[in-house]
Amino acid sequence: MPQTDGRRVLVTGVSGQLAGQLASRLEDDERVDHVIGVDLREPGPELARTGFVRADLREAGMADVLEEAGIDTVVHTDLVTSPAQAGGRTPMRERNVIATMQLLAAVQRARRVRRLVVRSSTAVYGGAPTAPALLAEDAEPPTRPRGPASEDIAEVERCVAAFVRRRDDVAVSVLRFAELVGPTVESPLTRLFALPVVPTLLGHDPRLQLCHEADAADVACAMALDDRPGTYNVAGPGVVYLSQALRLAGKPGVPVPPGMAASTAGLTHGAAAVGGLARRRVPAGLARRGAAGVARRGTAAAGLARRGTAADLARRGVEAAGRVREAAEADFTLDQVELLSHSRVANIDRLRDHAGLHPRFPTREAFEDFLASGRVTPTVDAERLAAWQARLARLAGWEAVERPSGSDSPPDDSGPPPPGATPGHSGTRSTPSGPRPTSTEEH
Amino acid sequence: MPERDADVVPLDAARRGGQSPPTGRSGESQPPGRGGEAQQREASPDDEHGAGSQHTDPPQADPQRLEEVVTEALTFLRRRMTGAYSVDVFGMDRELTERVLLPVARPLYRHYWRVETLGLEHVPSEGGALVVGNHSGTLPFDAVMAKVALLDDHPAGRHLRELAADLAFRLPFFGPLARKSGNTLGHHDDAMRLLSAGELVGVWPEGFKGVGKRYRDRYKLGRFGRGGFANVALRTQAPIVPMAIVGAEEIYPQIGDVAWLARLFRLPYFPVTWQFPLLGPLGVVPLPTKWRIEFGEPIDTSEYPPEAADDQMRVFELTDRVRATVQGMVDRALADRESVFF
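Residues numbered from 1 in each chain as written. Chains lettered and ligands numbered in written order. Predicted model: local features only at pLDDT ≥ 70, side-chain atom pairs only at ≥ 80, totals over all residues. Heavy atoms only, no water.

(A) Broad picture of the sheet that holds strand β2 (residues 32-39) of chain A. All names here are of chain A. Reading across the sheet, the seven strands line up as β3-β2-β1-β4-β5-β6-β11 and stay open at both edges, with parallel pairing between neighbours. Both outer strands of the open sheet, β3 (50-54) and β11 (230-234), are each paired with one neighbouring strand and no more. Across this sheet, the average inter-strand angle for adjacent strands is 20°, counted without regard to direction. In this structure, strand β5 (residues 115-121) lies alongside strand β6 (residues 171-177), joined through seven bridges in parallel fashion. Within β6, the residue paired with L116 across the bridge is V172. Along the sheet, helix α1 (residues 17-28) contacts β1 (7-12), β2, β3, β4 (73-76), β5 and β6; its crossing angle with β1, the most-contacted strand, is approximately 170°. Across the sheet, helix α2 (residues 62-69) lies against β1, β2, β3 and β4, angled at about 155° from β1, the strand it touches most. (Pairing = 2+ DSSP bridges. Helix = DSSP H or I, 4+ residues; strand = E, 2+ residues; numbered from the N terminus. Axes fitted to C-alpha atoms, helices over the stretch in contact; angles between N-to-C directions. Contact = heavy atoms within 4.5 Å.)

(B) Just the nonpolar core, in detail. By size, the foremost hydrophobic cluster in this structure holds 41 residues, and its most contacted members are L130, V132, F229, I240, L318, V322 and V330 of chain B. When residues of this core are assigned to their parent elements, the largest contribution, eight residues, is made by helix α12 (residues 312-336) of chain B. Excluding residues within four positions of it along the chain, V322 of chain B makes contact with V132, F224, F229, I240 and I299 of chain B. Of all hydrophobic cores here, the second largest spans 35 residues; its members include V14, L18, L26 and C211 of chain A. (Core = buried A, V, L, I, M, F, W, Y, C linked by side-chain atoms within 4.5 Å. Buried < 20%, exposed > 50% of the residue type's maximum accessible area, 1.4 Å probe, protein only.)

(C) Focus on the side chain of R119 of chain A. Residues and elements named next belong to chain A. Structurally, R119 is set in strand β5. For the buried R119, no salt bridge is present, and the opposite-charge side chain at shortest range is D78, 6.9 Å distant. Among the polar contacts listed, one links the side chain of R119 to the backbone oxygen of T77, at a separation of 3.2 Å. (Lys, Arg positive; Asp, Glu negative; His and termini not counted. Salt bridge = Lys/Arg side-chain N within 4 Å of Asp/Glu carboxyl O. Polar contact = N/O pair within 3.5 Å; in protein donor to acceptor, adjacent residues only side chain to side chain.)

(D) Quick look at unusual backbone geometry. Residue and element names in this part refer to chain B. Across the junction of F276 and P277, the peptide omega takes the value 5°, indicating a cis bond. Here P277 is to be found in the loop between β8 (271-273) and β9 (292-295). Of note, the phi angle at R114 is positive, near 45°, even though the residue is not glycine. Mapped onto the fold, R114 is located in the loop between α4 (94-112) and β1 (116-118). The exposure class assigned to R114 is buried, which follows from its relative accessible area of 12%. Phi at R266 takes a positive value of approximately 55°, unusual for a residue other than glycine. One can find R266 in the loop between α11 (259-264) and β8.

In structure tokens:
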């Protein structure tokens, strides 16, 4: 391996999932000599050959690191997506915007840096009914984003645009990822689907576009190693409706009136405090006794005044408060309200045609892979539904007809017609026979 | 006012007689050609339990048949409940459209407005094409009926992909439903993408001004927007199929528009019709007029040079040509019409 040609790559936010996967791909690539990871926290043990530098990007000092390590490629993936993660809105903004500005200032000085890859998000597009179905990279954003994360990301992109003007010899790639999902991704979206019931916006059903973590790491790796300057949307082909995603996950949605949802962030945080209080501060026994006492007196007439019932109710109340707390921990900010109210589906033609990169996981498969990781316990079970149908058919004495459609495995239950070989993501093409999209056969 | 030139009707009749299979003018009774076409379409392998179940007339007492129907319905329900279906990037859910939404619209098409559909042979069976129609009716039922016509009665059973105003997607409940049934935003990018993918795209260039026009202005076509549809057709060289819809203007004869209420609800107009709000909730029931949807001879855009799309004069020329064609078809249909309701 020619030592002189080896690439020296610096990855920020290396303890994050995306950067971790990216660093291990870079480690395995023979073109790469050295990988340095920067973060506040140490990355997992799986990064054997990555040098770790504990540093706060918000402070100056990166210039020295870049210089000493002889870095030629910088991949900036450090992005905080929720105030809870950073410990408040102000620290969040600092970790996103100020850190980026500091990093870019250092890179501007570092004469050896030839390539910069910046993680962004399709959240920069905001979302509006006046936007086309697929948002292209050069499209005028229809609305100003309002959520904290999308606000920050838009700001980060402005900083990068300014950097491009200052150092035109650096090939800068901006990667606008759709919502990341996968077996290891932790995000407000994945936490949302982990809730027993998922809040949705009444009357709205946005199309979701997702990006599998493996695809995200692959694209970031390719962008770091080859010159593909420009802004790219990165996402899996195809979409799923939010309602469909909920059904795939086996989660009932709870529609919230949109006017209320705008203030849900505040509401859930308020409720979180109450929920936390109910769970921790108030001794459970006391709550139970108090509630039981009230119930004894109050509902005697209703004939419901069994102590057990009252105690049970009290316990459920405490539990419900805990659930609300979970919801708040899912961090229902304006970002999520935006995500749940408007589709923001990006056009990935440029990634495929210009960069020649093809995400392997269509949105639907990416989501199913996330579900397969076992972090989402379905409230409505597909197999149980199938069993119910089978039982119903048996009751009616229809064994003969029921068997071919009733005994198939849930992922393949496209019913009696043979698979029409219509991949879910190529729906824009019409076949003359008027295709009925069948289910998930393109695994 | 509908004024017809003497030579137009025979020409029209000749074309109708010459090119189409004996498509009867009597809309209610099924023309002989229609049933056969529908059968043929249903023979496609993945469609056997599908959209056209009303065409087949099963012997009601057959228990085997009942089992199949119930099992199929339950499997369908389960598939919907577990999310095992797919939608395209524009959000069209073909299964939902064919099996839930169209069965709702179909009785309106067949029995309520008794839509008579003519000139379906002018709509290509495959490849991109732009269907351009006149808009009317206070509520855009005309788009829904055109969709039913092309899916049910066209030999190829084509899904019409309508380009709608952003208002449609702003409305809660209605917006997602519009997308799922195949609508998308009337935006240059969306139209280009659909046509390049070989879809049949429907556009009503009058927009909301067309839907919300007064009764006294009925069947007078408004301005055809900025000619965006012509631009897209020239770019993709997709043929333009003019479409005239007669009967929709009279479903809610609009006699007034309460501007301040429209502003309050952020709507393009707030209609006062003969029925609404006079009859209260009953006023939203449209009148059972007799409809006629006619597709005209396609306008071939490939005869224009490729650079025509950038020549605004050409674009306006084509726009006017399409508008005049549709207006002419509407006028002829009005002249033919003997009664609004029969």
